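Architecture at a glance
Chain by chain, the residues run as shown.
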Amino acid sequence: MTEADLSPGGKKRILTGIRPTGALHLGHYAGALENWVKLQHEYDAYFLIADYQVSDYADDIARVRESVWEVALDFLAVGLDPEGSSYVIESLVPEHAELTTLLGWFLPVSMLERNPTLKAEMEAIEHPEDGQKEGKSVPVAFYTYPVMQVANILMPRAHLVPVGEDQLPHIELTRETARRFNRRFKPVFPEPEALVGRVARLVGTDGNAKMSKSRNNAIYLKDDAATVAKKIKGMYAGPPRGMNEPGKVDENPIFLYLEAFHTNQAEVQDLKARYESTGVGNAELKAKLTEALNGLLEPIRERRQQYAQNMTRVKEALEAGTKRERAIACETMAQVRDALDLNYLAKY
Ligand code: TRP
């Protein structure tokens, strides 16, 4: 890894990704995608659809398959350019599996056990919050997925990883792994930086701390205007208040959304001031939010619809990007095998 390890055009590289568990929502957008769109031309960017890391593969392959297409459509819809950047299907670059195995030699189990994101997710699998659901056992693949995520990031020798806040422990693990590898063998890997989006974590429509599909509190990028309006109508808007009774801005998550998505922040400031002095009805706040969100989502929906009618184009994007990543993956693996002195036959 030298200063010269850059892509054509002198560009540094981005690797980031998302698990294909369904269509993408506003939390993905504000926490990550928006940054991806912004940075895609400045960097040589790889956007990974991490299908190896979906733990319901064994139960529901059809859903994972379908989600790969959903995610690719959302990538296109938000404006990730599939020619200037690369859409990658993880399992079609099997070098990810190989690097995961090799890195497994150097990462102590205790490092994984310390990972707070992993801990919380395991707990959720074994003891789901919703008492109706039965807990499951944690698959081995789940236990090793942070190592695979490290392998994903190191594979194109990435410099930057724009992600949501919950991914930070994984990036730290990646930096640590790169340092260990470079020190002990050969300097192959840059130490990648994390970059968290404008809205580190978006609350759900139910007021829960995190928007997620499993909590059923998400607004999807592909939701139509009427669906968005309906979801906002049903949104949690703080403790009950009488008509025009003043309220506290920080008790009403609608304001978090207005701050995140309204194009006129002066108007949001004005609403906040009025809310705390003379009071503003929730219906008015929700109407403003509906307008703002539909304004943001309309062009995204339109593009999505266009691409959905031309799935060949989507397939080409996935094919071309995966091929580009495979090429750089082969380069990296040659360097890794050389660093580890694994070229048994070549050297005899
Ligand atoms: N674990 C990430 C998530 O759940 C997805 C992911 C897989 C990823 N590999 C990655 C993110 C590499 C950044 C870099 O959203």
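1. Points about helix α11 (residues 282-308)
Helical geometry note: an α-helix holds 3.6 residues per turn, so side chains three or four residues apart project in the same direction. Where α11 bends most, at Leu297, the angle is about 35°, and the proline Pro299 comes one to four residues later. The complete set of buried residues in α11 reads Leu285, Lys286, Leu289, Thr290, Ala292, Leu293, Asn294, Leu297, Ile300, Arg301 and Arg304. Structurally, α11 contributes buried residues whose contacts are with α1 (26-39), α2 (61-78), α8 (225-233), α9 (254-261) and α10 (265-277).

2. As for the packing of helix α3 (residues 95-103) against helix α12 (residues 311-339)
Direction vectors running N to C along α3 and α12 enclose 25°, while the axes themselves pass 10 Å from each other. Considering the angle they form, α3 stands roughly parallel to α12. The hand of the α3/α12 crossing is left-handed. For the pair formed by α3 and α12, the contact residues are Glu95, His96, Glu98, Leu99 and Leu102 on the first element and Glu325, Arg326, Ala329, Cys330, Met333, Val336 and Arg337 on the second.

3. Focus on α3
Glu95, His96, Leu99, Thr100, Leu102 and Leu103 are the residues of α3 that are buried. Across the axial projection of α3, the buried residues extend over an arc of 165°, all falling on one side. For α3, the secondary structure elements touched by its buried residues are β2 (44-49), α6 (140-154), α7 (168-184) and α12.

4. A few points about the packing of aromatic side chains
According to the stated counting rule, one finds eleven aromatic pairs in the structure shown. Seen from their ring centres, Trp36 and Phe75 are 5.8 Å apart, and the 70° between their planes marks the pair as edge-to-face. A residue pair is termed long-range when its members are at least 10 positions apart, and Trp36 in helix α1 and Phe75 in helix α2 qualify at 39 residues. Take Phe75: its relative accessible area is 0%, and that puts it in the buried class.

5. Structural notes on the pattern of salt bridges
It is possible for side chains bearing opposite charge to pair when their charged atoms get close. Within this structure, the stated rule accounts for 25 salt bridges. Close ionic contact of Glu298 with Arg301 constitutes a salt bridge, the shortest N to O distance being 2.9 Å. Linking Glu298 with Arg301, this pair stays in helix α11, spanning three residues, or about one helical turn. Judged by relative accessible area, Arg301 falls into the buried class, the value being 8%. Arg313 is the salt-bridge partner of Glu316, the closest N and O atoms lying 3.8 Å from each other. Residue Glu316 and its partner Arg313 are both found in helix α12; the two are separated by three residues, about one turn of the helix. Look at Glu316 and you get partly exposed, because its relative accessible area is 43%.

6. Topic: the nonpolar core
Counting 58 residues, the largest nonpolar core has Leu26, Phe75, Leu221 and Tyr257 as the members making the most contacts within it. Sorting elements by how many residues they give to this core places α2 first, with eight residues. Two domains share this core, each providing at least three of its residues, namely domain 1 (3-202 + 311-347) and domain 2 (225-303). When sequence neighbours within four positions are dropped, the list of residues in contact with Tyr257 reads Leu26, Leu202, Val203, Gly204, Thr205, Met211, Met235, His262 and Leu289.

7. Structural notes on the site of the ligand
Near the ligand you find 14 residues, and of these Gly17, Arg19, Gln149, Asn152 and Gln167 are the closest. Gln149 is positioned with one of its side-chain polar atoms (N or O) 2.8 Å from a nitrogen atom of the ligand. In the environment of the ligand, a nitrogen atom lies 2.8 Å from a nitrogen or oxygen atom belonging to the side chain of Asn152. When the free accessible area of the ligand is taken as 370 Å², the share hidden by the protein chains comes to 92%. When contributions to the shell around the ligand are tallied by element, the ones reaching two or more residues are β1 (13-18), α6 and β4 (160-163).

8. Some thoughts on the domain arrangement of the protein chain
Looking at the protein chain, the domain boundaries give domain 1 (3-202 + 311-347) and domain 2 (225-303). The gap between the C-alpha centroids of domain 1 and domain 2 is 34 Å. Together, Leu26, Ala77 and Leu202 form the three largest contributors to the area buried by domain 1 at its contact with domain 2, with a combined 58%. For the pair domain 1 and domain 2, the interface holds two residue pairs in polar contact (both at pLDDT 80 or more). Residues belonging to the side of domain 1 that touches domain 2 are distributed by class as follows: eight nonpolar, one polar and one charged.

9. Quick notes on unusual backbone geometry
Positive phi is not limited to glycine here, since Arg157 has a value of about 55°. By relative accessible area, which is 3% here, Arg157 ends up buried.

10. Let's talk about the pairing of β2
Among the six residues that make up β2, six are buried, leaving the element largely enclosed by the rest of the structure. Neither face of β2 is exposed, since Asp44, Tyr46 and Leu48 on one face and Ala45, Phe47 and Ile49 on the opposite face are all buried. Where β1 lies against β2, six bridges are found, and the strand directions are parallel. Looking across to β2, one finds that Thr16 is bridged to Phe47. Following the chain from β1 across α1 to the adjacent parallel β2, one finds a crossover that is right-handed. The pairing of β2 with strand β3 (residues 86-89) spans four bridges and is classified as parallel. In the sheet register, Ile49 faces β3, and the bridge partner there is Ile89.

What counts and what doesn't
Residues numbered from 1 in each chain as written. Predicted model: local features only at pLDDT ≥ 70, side-chain atom pairs only at ≥ 80, totals over all residues. Heavy atoms only, no water. Bend = angle between axes of the 7 residues up to and from the residue. Helix = DSSP H or I, 4+ residues; strand = E, 2+ residues; numbered from the N terminus. Buried < 20%, exposed > 50% of the residue type's maximum accessible area, 1.4 Å probe, protein only. Contact = heavy atoms within 4.5 Å. Axes fitted to C-alpha atoms, helices over the stretch in contact; angles between N-to-C directions. Parallel < 35°, antiparallel > 145°, perpendicular 65-115°, else oblique. Left-handed = near helix turned anticlockwise from the far one by under 90°. Arc of directions from axis to C-beta. Phe/Tyr/Trp six-rings, centres within 6.5 Å; stacked < 30°, edge-to-face > 60°. Salt bridge = Lys/Arg side-chain N within 4 Å of Asp/Glu carboxyl O. Core = buried A, V, L, I, M, F, W, Y, C linked by side-chain atoms within 4.5 Å. Domains from an automatic or database assignment. Near = heavy atom within 4 Å. Polar contact = N/O pair within 3.5 Å; in protein donor to acceptor, adjacent residues only side chain to side chain. Areas by Shrake-Rupley, 256 points an atom, 1.4 Å probe, with all protein chains shown as cover. Buried area = accessible area lost by both parts, 1.4 Å probe. Nonpolar A, V, L, I, M, F, W, Y, C, P; charged D, E, K, R; others polar. Pairing = 2+ DSSP bridges. Right-handed = clockwise from strand over helix to strand, strands pointing away.

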